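Survey of secondary and tertiary structure
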Amino acid sequence: MPEISAPSMLRRTKIVATVGPATDDQEVLTQMIRAGADVVRLNASHGTVADRLRRLEMVRAAARDADRSVGVLLDLGGPKIRIEGFSDGPVTLIEGAAFRLDTRLDPKAGTVQAVGCAYTELPRDVTAGDTLLLNDGQIVLDVERVGATTIDTRVRVGGELSDRKGLNRQGGGISAPALSARDFEDIKFAATHGIDYVAVSFARSAADIIQARTLVAEAGGVARIVAKIERHEAIDNLGEIIDVSDVVMVARGDLGVEMGYAELTGLQKTIIQESRTRNRVVITATQMMESMIQNPVPTRAEVSDVANAVMDGTDAVMLSAETAAGRYPVKAVQAMAQVIEGAEKYQLTHPRWRQRAVEGQLFKGTEEAIAMAVTYIANHMNLRAVVALTESGETPLWMSRMRSDIPVYAFTKHEATRRRVTLYRGVYPVIFDVGAAGNSIAQLYRALFTRLLELRLVELNDLVILTKGESYGVQGGTNSMQILKVALD
Ligand code: G6P
């Protein structure tokens, strides 16, 4: 039975950890989950559907072993534009040299003069004078001439280039649709296997997110949709994208390439704030503890980066290659958890940040009003916990949009809901079947208190807040909050 373990009780900001070759050992994976990975990410950019299924099964087994609810996020490959391969291994591009991208070149015939590219529309998307970036912006090419199937460039910043590296146009504007045929297969996989979150890579507009949501629904899935903000166009359409998404990811890798890395820190703060005010969950991703791919301790700059994301109000911070392919997957999660706790300790002692400013703004509905009241009271009374009875996770989601020092326990009988809330800041899942608690209110209280006490989340005589609706087991009905004293008589 997944229960709350001590580390997640203290830590509010959640950790998303990517699995890969470094976690293909069941023992390592279980340790990583015990160390505090709340959500596991499967990256569909690499490997096959069979690889993802194998890893998903390992994650579910590890979650059972570690006695924890663990959410799963499938990150779709999307239309990342990549160069093809080289005939004799990596080449080194020299500043000032000519270099051609050729959509008709054999995929294995690249040289120091030219390389293939499978995306045949590329010559239509670029013009002379554009800047193209290879390998996350490490190599910079100036476009000089564009033919029907070729792009002639001059190397502005050179470096080593190997097979299948990513290609971006500075300023965005590459027209490939956000969902590729391969993504459709992955969405079916997500639906069939009860994956909790599906992330849309390179989303440009609300339509991309709506398309993914429709495909998930058609395939019978329950996954919530994550919009990865990594394109210039996504920044232009930020508000509409957030509105139609459930979760937003600050995907700093490609975003930094398309927007220029100097813009990133400001963009991160804007995206996090915009997401929270629109009642959306937000993940901060990419290179957070990059040096831990090789080293057992993070750099001070990485420590500061993770801590600042926590202070910006992110729900979760993400590890990519650090856990998927690094030498220290378990240590990376441990280090991240420690840094988060340190940052939260600072934040909790600075109460002016405790509440979201809502002045002059009307609540969107009863749930937001209840959540706001709960948070206000939680911040002005000596309370131990908030208990939210929930079917879908919606009530605790509202509460977690507002800062409070008090943990929110999502009491639900649904396993999918328990996995879903693992991503929400300050929310912890607890198994509870409100329908089995008895008919009277006294029986309900007794059942709730018993559960809280057996999990050691409260002590007798502690004050807790309970939220619920008029009828039990009905989604969307939350309309009351009560302050209760924990007692068993
Ligand atoms: C449980 C409670 C209901 C409440 C509902 C909220 O079922 O018994 O009284 O209305 O949760 O669920 P939601 O999915 O909207 O958070």
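Keep in mind it's a predicted model, so treat the numbers as computed, not measured.

1. Considering the sheet that holds strand β13 (residues 224-229)
For sheets, the rule is that strands pair by backbone hydrogen bonds, running either parallel or antiparallel. Pairing within the closed barrel is parallel, and its eight strands lie in the order β1-β2-β3-β12-β13-β14-β15-β16. Within this sheet the neighbouring strands show an average axis-to-axis angle of 25 degrees, counted without direction. In the sheet, β13 pairs with strand β14 (residues 247-251) via four bridges, with the strands oriented parallel. Its bridge partner being in β14, Ala227 is matched across the sheet by Val248. Strand contacts of helix α3 (residues 49-66): β2 (39-43) and β3 (71-75), with the helix running at about 170 degrees to β2, the strand carrying the most contacts.

2. Description of the packing of aromatic side chains
For the structure on display, the rule yields three aromatic pairs. Centre to centre, the rings of Tyr409 and Tyr428 are 5.9 Å apart; their planes meet at 45 degrees, and the pair counts as tilted. A residue pair is termed long-range when its members are at least 10 positions apart, and Tyr409 in strand β18 (residues 408-412) and Tyr428 in strand β19 (residues 427-431) qualify at 19 residues. Each of the two residues, Tyr409 as well as Tyr428, counts as buried. For the pair Phe411 and Phe432, a centre-to-centre distance of 5.2 Å together with 55 degrees between the ring planes defines the contact as tilted. Taken together, the residues Phe411 in strand β18 and Phe432 in the loop between β19 and α17 (441-454) connect sequence positions 21 residues apart. For the pair shown, Phe411 and Phe432 are each scored as buried.

3. Details of the site of the ligand
Lining the immediate surroundings of the ligand are 19 residues, of which Thr390, Glu391, Ser392, Thr395 and Gly476 lie closest. Ser471 is positioned such that a nitrogen or oxygen atom in its backbone is 2.8 Å from an oxygen atom of the ligand. Between an oxygen atom of the ligand and a main-chain N or O atom of Gly473, the distance comes to 2.9 Å. When contributions to the shell around the ligand are tallied by element, the ones reaching two or more residues are α15 (394-400) and β20 (463-469). Looking at the shell around the ligand residue by residue, the class counts come to four nonpolar, 11 polar and four charged.

4. Re the pairing of strand β9 (residues 150-157)
For strand β5 (residues 98-102) and β9, the ladder comprises five bridges, and the chain directions are antiparallel. Across the sheet, residue Ala98 finds its bridge partner in β9, namely Arg154. With six bridges joining them, strand β8 (residues 139-146) and β9 adopt antiparallel strand pairing. Across the sheet, Leu141 pairs through a bridge with Val155, a residue of β9. In textbook terms, the turn of a hairpin is the stretch between consecutive antiparallel strands, and for β8 and β9 this stretch comprises three residues.

5. What about the side chain of Glu258?
Here Glu258 lies in helix α9 (residues 252-259). Summary of buried charges: Glu258 has no salt-bridge partner, and the nearest side chain of opposite charge, Arg231, is 4.7 Å away. Side-chain polar atoms of Glu258 contact the backbone nitrogen of His232, separated by 3.0 Å. When residues no more than four places from it in sequence are discounted, the contact partners of Glu258 are Asn168, Arg169, Gln170, Gly171, Gly172, Glu230, Arg231, His232 and Glu233.

6. Brief notes about the domain arrangement of the chain
The assigned domain composition of the chain is domain 1 (6-78 + 177-346), domain 2 (91-169) and domain 3 (366-485). For domain 2 and domain 3, the distance between their C-alpha centroids amounts to 55 Å.

Calculation criteria
Every chain is numbered on its own, with residues counted from 1 as its sequence reads. Residues qualify for local features only when their pLDDT is at least 70, as the model is predicted, and side-chain atom pairs are given and counted only at 80 or more; totals for whole chains, interfaces and linings, by contrast, use all residues. The side-chain numbers reported here are obtained from all heavy atoms of the structure, hydrogens and water having been left aside. What makes two strands pair is DSSP finding at least two bridges between them. Helix and strand assignments come from DSSP, with helices taken as H or I runs of at least 4 residues and strands as E runs of at least 2, each series counted from the N terminus. Axis angles are defined between N-to-C directions and span 0 to 180 degrees, where every axis is a line fitted to C-alpha atoms and, for a helix, only to the segment in contact. The contact rule is simple, with two residues in contact once any of their heavy atoms fall within 4.5 Å. Working definition: a ring pair exists when centres of Phe, Tyr or Trp rings (six-membered ring for Trp) sit within 6.5 Å. Plane angles under 30 degrees give stacked, over 60 give edge-to-face, the rest tilted. When a residue's accessible area, from a 1.4 Å probe over protein chains only, is under 20% of the maximum for its type it is buried; when over 50% it is exposed; and in between it is partly exposed. When we say a residue is near a molecule or strand, we mean one of its heavy atoms is within 4 Å of it. Polar contact is the term for a pair of N or O atoms within 3.5 Å; when the atoms are in protein, one must be able to donate a hydrogen and the other to accept it, and sequence-neighboring residues count only if both atoms are side-chain atoms. In this classification, Asp, Glu, Lys and Arg are treated as charged, Ala, Val, Leu, Ile, Met, Phe, Trp, Tyr, Cys and Pro as nonpolar, and every other residue, Gly included, as polar. Positive residues here are Lys and Arg, negative ones are Asp and Glu, while His and the chain termini are left out of the count. Should a side-chain nitrogen of Lys or Arg be within 4 Å of a carboxyl oxygen of Asp or Glu, the pair is scored as a salt bridge. All the domain ranges listed were derived from an automatic or database domain assignment.

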